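# Structural overview
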Amino acid sequence: MVSHSLLATKFFVPSIKSNLVKRDRLVTYLDRGTKGKLTLISAPAGFGKTTLLIEWLSQTKLPHTWLSLDKRDNDPIRFWTYFVAALQKLRPELGEATLALLQSPETDFEFFLTPLINEISALETDILLVLDDYHEIAVPRIHQALTFLLNHLPPFFHLVIASRSDPPLPLARLRAKAQLSEIRARELRFTVDEATFFAREVMKLNLSAEQVAVLQDKAEGWIAGLQMAAFSLQECSDVSTWIDSLQGSQRYIWDYLTEEVLEQQPEDLKSFLLKTSILDRLCGSLCDAVLQTEDSTEKLSYLDRINLFVVSLDENRCWYRYHHLFGELLCHYLQKQEPGEICEYHCRAARWYEQQQLMDEAFKHALAAQNWELAADLVEKEACQRFIDSDTSTLLTHLQAIPNEIICLSPWLCMYYAWTLWFTSGDVAGARQYLEDAKLAVNNKPLSKEKTSWTNHPSANEFDDFWASTATLKSYLSHEKDITEAIHLAKKALKIIPEYNYWLRSLALMNLGGSYYFIDDFEQAEPVLVEAIEVSTHCKQVDKIKAQYIDRTAESAVTSLCLRSELKELHGEFSSAVAICQEALDIVTKRRWLENAPGIFAQTVMGKLLWKQNKLEQASNYLTQGKDRSSPLKKSAFATIRRIYLALVRQAQGNFTAAWEAIEEAEQIERSRQQGFNFEFRTFLTLDVVKVRLWLAQGNLDEAVTWMQSKGLGIDDKLTYNSELDYIALARIFIAQENWKKALHLLKRLQKSTESNQRIARTIEVLILQIVIYQAQNQVDLSLNQLEYALSLVHPQGYLRLFLDVGESMRELLHCAAKRDIYPNYVNWLLIAFGHLEENTKIKSQSISQIQTKSQVQTESQIQNKSQLQTKSQSKFLVEPLSDRELEILQYIALGHSNQNIAEKLFISLATVKWHSSNIYSKLGVKNRNQAVVRARELGILG
């Protein structure tokens, strides 16, 4: 759900008055208009746009929701947050993914609106959303995003816009497609009959038909003008003369009538009207706070009762607003009469909103008052919640609105500014500067161990939390220059982070584990990353922790799981790597994070693992389905890495054009990457390395050699964790040149380097390249020896792609290996993947199928109690045995249960069931459920 700090009155449909002028002709037109996508009610102020909508909504049976807009909604994040919140008034489950994606600055609208459109389309039920006062919106990005939404909305979603002017939307195209209904000033003007009813029944004026007709003609049916004229006439002794004197433009008439009506009011009521005109919305206690009185509720009720241009916003008639045109003129008069008091009124409003925990409204009034100290105090109080809500963009906007000299007086504001710059844009230099400013500010504003801090924990104090926050951020910022220093600072931070501060602890642990990851210190990284994950798990079990706080630790958990998966794969534990990555995917799927940073990271890792397993379609899905279109993501390492592995998938699919397109996209991203904070993910292949692979695969040796010469690499250079991938690429170039001696010399050195550090994934690639050399020299025995060694490392992990990329020579060698009974199951599996498995080398399943001629119907109780599921049989005939969970799911599949049913019975997500099912099919060498059941029975896995 959206944040509790949103202003509730923006969603209130103003209440309808009992003596309203009925506008049946327009209500009927609005009903017909719901067959299209958009209804536009466009007319100047005072023509009754909002009143017409209120009347219509009171009669329509369509599910509807309302959003009143104002100037502050020109912030795209604020606009779309309120937009989603309005939809959630009808369907609370809508838009959570969009809200999660909104927090990146300059977010591409297609990126965050696509999930919302998909969710709306899945509802298949009517929804009507009213956007009132859309003329307040002036930001092109919002108009463009709304256009995208209109273009893709399903036919049962209808948008209604009320505006003083035509919005810059594709009205002509919608009109041509009969998707637009329009009501304009000429339709909204009162007819003579409506004007007569208004004057006599609503305003209680005893006017003749001729007098009403003259008044109607002079006001040209303008409802606000008629209403103001009626107020004046209530105190007039010579009605005919007064009506005859009324002339000029609508604005002139309005100014004249406003001044006349104001002068008729008692001084205390006139003062109330002027001073409260600074407020967008009014309630009794808010007005009391601004005026320092106690009778505002009675005054608002009186204004409502005499119909003096106040609009009730809720059924209880607690909240009101002034008619917009009336409010503007009141503000104009206030500025002329009390210019020196306006700031104080705004300050009082700010303090009232602060007490109600409506910090956006409070901040707006503090800025209007130019009370920078108050504004700074408000930001300091809201900053932590902004972080927990992932609303760092709004926090940055608020911080930027305050003069820097005011920011630098507060240690906390400086520290928050540093975190915000790093989170939103990776501005390392700016973050460091504000950390320095924070230390200086402490001298002027000492921290106290007696004062509670933002965590609200009973044991919390601002001294400990401040220095813990500072130390944690410092450790992150040190990555850019010195990993050793980053490790030292992360350890230091962990020593001083209080036990109750789960968020900071999870961040510091993730940072420390990530630092060990960058230097491939597997032994140190593993327990730290496991602890980071456990902190998140523990956080879920602690009472009174906000859901958003848990989500922030969950982000650390996902990143830690992905890093751990990468290290597991690098060090030869492929199956564990897949399982750990699936845990990360389960978290991001449940939280609908597939299109933000944790989700993109998890999908990238899984895409890489699936590519190595030769599950190319699944790999492609993971590498393309989560859109990295937000400004930070599309310029991040994630965006480059995804395209690198997508290029490898396309190469494996034989589509070199698409592969190079992915590479070109990756190069464009690298050119636009911000010069800020960027992790280096050293377990992934680099852009250069993959380009060398593609060049060589297409026979473009010259390009590869040019790259080799530009890098200045030599066969006896020092080999390091960071450089091994480049030298493996160099060995590939030597092989393409048939320079066997140099290639073999370099590969032997690489084998020693990778083996000594247990980087098994790289060792396997090095061994396979040696096999290529021995095969080219017809050294069959050496080739088979190296193949047997390589298979001993990969069995039964599931590597396929490295072998398949070698091509025909590997297939021939595998046939030789099969004849010599070298890892027969794995070799047969590889040959199946090559598509050249001969009948006499297939898995011996015929005899098994003869034995298992009858299938036995299993009950669910048998499934739950059956741990002896032919494990000996499956280990004999399968390269990679089914796990316990996979066996359990296989039995449910055999009973005919759907994936959703299985998920509910096993208390796991639907995505997890699908993942396990895919693994089952792959291990059994089949493509669907029915084939899986048949094959499992042939192998004796199912009884």
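Predicted model only: the values in this text are computed from it and were never measured.

Criteria and cut-off values
- Residues numbered from 1 in each chain as written.
- Predicted model: local features only at pLDDT ≥ 70, side-chain atom pairs only at ≥ 80, totals over all residues.
- Heavy atoms only, no water.
- Buried < 20%, exposed > 50% of the residue type's maximum accessible area, 1.4 Å probe, protein only.
- Helix = DSSP H or I, 4+ residues; strand = E, 2+ residues; numbered from the N terminus.
- Polar contact = N/O pair within 3.5 Å; in protein donor to acceptor, adjacent residues only side chain to side chain.
- Pairing = 2+ DSSP bridges.
- Axes fitted to C-alpha atoms, helices over the stretch in contact; angles between N-to-C directions.
- Parallel < 35°, antiparallel > 145°, perpendicular 65-115°, else oblique.
- Left-handed = near helix turned anticlockwise from the far one by under 90°.
- Contact = heavy atoms within 4.5 Å.
- Disulfide = S-S within 2.5 Å.

## Notes on the pairing of strand β5 (residues 180-184)
With 5 of 5 residues buried, β5 is to be regarded as a mostly interior element. Burial of the side chains of β5 extends over both faces: Leu 180, Glu 182 and Arg 184 are buried on one face and Ser 181 and Ile 183 on the other.

## Section: the side chain of Asp 132
Residue position: Asp 132 is located in strand β3 (residues 127-132). Residue classification places Asp 132 among the buried residues on the basis of a relative accessible area of 1%. Among the polar contacts made by the side chain of Asp 132, one reaches the side chain of Thr 50 at a distance of 3.0 Å.

## Notes on the sheet that holds β5
Pairing is parallel across the open sheet formed by 5 strands, whose spatial order is β2-β3-β4-β1-β5. Edge strands, defined here as strands with exactly one partner in the open sheet, are β2 (64-68) and β5. Mean inter-strand twist for the sheet, computed between neighbouring axes without regard to direction, equals 15 degrees. Judged from the 5 bridges that link them, strand β1 (residues 38-42) and strand β4 (residues 157-163) form a sheet pairing that is parallel. Across the sheet, Leu 40 pairs through a bridge with Ile 161, a residue of β4.

## Details of the packing of helix α25 (residues 462-477) against helix α26 (residues 483-496)
Viewed as axis vectors pointing N to C, α25 and α26 meet at an angle of 160 degrees, and their least axial separation amounts to 8 Å. Judged on the interaxial angle alone, α26 and α25 are roughly antiparallel. Crossing hand, α25 versus α26: left-handed. On α26, the residues touching Trp 467, Ala 468, Ala 471, Thr 472, Lys 474 and Ser 475 of α25 are Ala 486, Leu 489, Ala 490, Ala 493 and Ile 496.

## Section: the state of the cysteines
Scanning all chains against the criterion turns up 0 disulfides. Cys 318 takes part in no disulfide bond, and the closest cysteine sulfur, belonging to Cys 283, lies 8.0 Å away. Assessed through its relative accessible area of 41%, Cys 318 is described here as partly exposed.

## Regarding unusual backbone geometry
Although it is not a glycine, Gln 370 sits at a positive phi angle of roughly 55 degrees. Its location among the elements puts Gln 370 in the loop between α19 (359-368) and α20 (372-388). Phi is positive for Asp 821, close to 60 degrees, though the residue is something other than glycine. Position of Asp 821 among the secondary structure elements: in the loop between α43 (808-819) and α44 (824-834).

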